[in-house]
Amino acid sequence: MKKKPAKKVAPKDVVLKEPVVKRARKRKVVCIPTFTATPSVPAEEVKKEVVFIPDFEIAVAPIETGTGVDVVALTSRWDYGSDGSRVGLLKKMKEETERAKSEFLVLVGGGVSKRGCQNSARRIQDMQKKVSAKLKLGLEKLMAEFHVLEDGEDEKALLAKRVEIDDKKDAIKVAKPQTIGQILAGMVEGLAQQINKDLPALFCPDGTRMKIYIVTSKAFDGDIGRDVIKRLLEIRKDENDIRYLSSRYEEDTTFKIPLKKSGRTFAVAVPTKAVWRSGYYSTNCDRIIDDELKMTTKPPCDVYAIGCGASSLNRGRGEKPHQRVTVPALHKLEDVTTAENMVGVRIIRFTPDKENCPIETISFKDFVSDETRFIVAPKGMTSLQVAIIEEVKKQESTIGMIEDELKKLDARVTRDMVEKAMPGVLALDPKIIEYDDESQKYFLSQGWLKSQIEYSWASGLLIKEVLAGFACFHTGSINTAHDFVVNILPKLLFEHEVTVLCGIGDLIQGLKHELALQGEIVPGMDNNTMQEKVAGVLIATVMLKVLSMRLERALGALPPEDRHKLPADQVEAFVRNFLVDFLFWIGNHDAWSLSSGYKPLDTMESTIRETLTVGISSILIKFSLPYIPLEGIIEDKLRRMKNRDEYTLPSGVIVRGKHYYAGRTATSSTWCQRALGQFGKAQICWVANFHVEECVEEWNAKLGLRVAIQVPTLMSTSAFEENKGKTTDFGIGLVKVESIEGRIIRSTTNFL
């Protein structure tokens, strides 16, 4: 019987240390040994050869990641085949995509409107049926006449009638109505040629042609959409700028797109099933991604972009292990099938730090909401013809209605003058105005709006503003990240040029629910006064650090001999511009002190004032700058926000916030949408108390683009939520807006 070979073991006096694995938030750090020791000889020989084995040195393994930034443009729902498609929107898409220095564009479903094509096919079929029915009636009449002639003796007339009947039968065969499928098949070539004609060439920052990745949705593009894109690929073969990702399986919903610079993972998703109508923007996109994650065997991507919903969401990674964004439409919305609202383009900047990606939204809905202002009469027309076009732009009109309106402008106008001027208007090529025989009304040509209209931004000064918001600070809690607030937050505000800092409630932990007895309070902070004082010092410290960094940068840009000669008014201007505004709202934890007859956050506010006064004076001394009065500056920079208070930015953009006394819901966009509905005049709405990060953007006719941002918490953990089976997001919210005349045209949101 063979003996088992002896196990190869290390000597007893040699201790092999295991590699240590350390984990940090959102970043994988692996500590590895500098060498490996695997005994490959019997233990006896090891004892003879090994004299000394040093301890393992701990070295940080390099993280496999990118070093650059990938810039990706997203678009959806061009809806060719419907009345809402617009060449003008494609041109603005090119302009904004190239302005953002994007490296490629993704059409996330809806290039062709299945529904629009089917509606057009039904209209065509109805017309064909009417023509066929009319021909059949004519045939019946001819047959009746033929039978009458049969009783007579006019052979020549009978023969002529028989020829006429045969011709009518041939015409009926030719005019036989097509099936919907046949009509749709006949539309493919025309749609492909139209998209090829309308789609502008896009260019990368280095001057090369930009690649366009196209995804089709079974629910929105349908079979005709797939056929059109495949034909488009053939037409643009020489240009080689289109990549069709849905070409293999029409049932596919999710498509991963490689990123070269950042090392991040990115995928786009579209619905394959009919989408149910919903009052909430997040419902359908969450269902699509949740279904995909249940089905797939691969790890989730860092970022998912969901198309076809015509909404604008940005849900950061935290509670969910990946970031989710939705993509606006790029056509004039004709109807609502889910919860469509947004028209525009989105830009994602993928950074290599594994954090949330900033999402830029460019709203085009201001363009399509009032297209008549972009309709300009061509040169060479008479003043009367121009006036006719202007009247038809206001509403569909009969010639009598046009005459009545023009007489109000000039009593000399007569019906005869209008009738003589009208043929010249109708003869324009391409047509701006068309005439309907049945209603006898003149109306704007849909063909002209689809193919000729060009949009432009409103004239006025473009103003850029940056706001940051935090909430659920819970000063005094053992779980609050006080170090993040003091050391990291000022750097973030400085880096992103934040001008307004918002504290949206729960700035202290409070004492209810026996939190101190449960060990949830830092020792020595078991009273509201101390918690508010510490909160005031921490917030003032953040403001002072940002001021100091900005002053140092500004003074460093001056010649050395001028740095200490600044007049007091210049110093005051520096301090006013560099010290962030601080707006704060009362949260439910803050309001616990009301039952004790105490004004919430009053001590915190006075502490901020005192700390700022002393701190700014010290900074001025540090930089050898002259003394300036500080009371008025500090008064202007601090603002306690009540429930109905509004804050107006220098641009005219209105800010409101709310710390809701409620819990989160399974539908993640609920509270952002509720805030947008509740704050009817606000364009930036801060939402808090749910410890989950989410941003919802929405457009309305009165205010234009609006942003509601729900901020996470500054607690590293929460026993309360853990006991309820919930997880929380950590960090702050960031909003950058660009506006003209108080109307936001672009916004960038992120969670840091």
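Cut-offs and rules
- Residues numbered from 1 in each chain as written.
- Predicted model: local features only at pLDDT ≥ 70, side-chain atom pairs only at ≥ 80, totals over all residues.
- Heavy atoms only, no water.
- Helix = DSSP H or I, 4+ residues; strand = E, 2+ residues; numbered from the N terminus.
- Buried < 20%, exposed > 50% of the residue type's maximum accessible area, 1.4 Å probe, protein only.
- Pairing = 2+ DSSP bridges.
- Axes fitted to C-alpha atoms, helices over the stretch in contact; angles between N-to-C directions.
- Contact = heavy atoms within 4.5 Å.
- Polar contact = N/O pair within 3.5 Å; in protein donor to acceptor, adjacent residues only side chain to side chain.
- Core = buried A, V, L, I, M, F, W, Y, C linked by side-chain atoms within 4.5 Å.
- pLDDT = per-residue confidence, 0-100.

### Regarding the overall build of the chain
At step 1: What the chain contains, in helices and strands, is 19 helices and 27 strands.
At step 2: Looking at the 752 residues of the chain, the share that counts as buried comes to 51%.

### Structural notes on the sheet that holds strand 27 (residues 743-751)
At step 1: In spatial order, the strands read 7-6-5-4-13-14-27-26-17-18-19-20; together these 12 strands make up an open sheet with mixed pairing. Where the open sheet ends on each side, the last strands, each with one partner, are strand 7 (242-244) and strand 20 (638-641). The average undirected angle you get between the axes of adjacent strands in this sheet is 20 degrees.
At step 2: With respect to the sheet, helix 6 (residues 222-235) is in contact with strand 6 (211-215) and strand 7, its orientation differing from that of strand 7 by roughly 140 degrees.
At step 3: Of the strands in this sheet, strand 19 (581-585) and strand 20 touch helix 16 (residues 602-622), which is tilted by about 170 degrees from strand 20.

### Considerations on the side chain of serine 76
At step 1: Of note, serine 76 is situated in the loop between strand 4 (70-75) and helix 2 (87-99).
At step 2: Note on serine 76: relative accessible area 0%, which makes it buried.
At step 3: Here valine 108 takes part through its backbone oxygen, which lies 2.9 Å from a polar atom of the side chain of serine 76.
At step 4: When neighbours within four sequence positions are excluded, serine 76 is seen to be in contact with Leu107, Val108, Gly109, Gly307, Cys308, Val327, Pro328, Ala329 and Leu330.

### Quick word on the nonpolar core
At step 1: The biggest cluster of nonpolar side chains holds 95 residues, and the ones touching the most others in it are Leu74 and Phe266.
At step 2: Considering each element in turn, this core owes the most residues, seven residues, to helix 5 (residues 180-198).
At step 3: With residues up to four places along the chain from it excluded, the contact list for leucine 74 reads Leu105, Val106, Val108, Phe266, Ala305, Val325, Val327, Val345, Arg346 and Ile348.
At step 4: Counting residues in each nonpolar core, the second largest holds 54 residues, with Leu501, Ile539, Val575 and Phe578 among its members.

### Remarks on the confidence of the model for the chain
At step 1: A residue-level look at the chain finds 89% of positions with pLDDT of 70 or above and a mean pLDDT of 83.
At step 2: Predicted confidence is poor over residues 1-65, with pLDDT under 50, and the contacts of this stretch with residues over four places away or in other chains come to 46 contacts.

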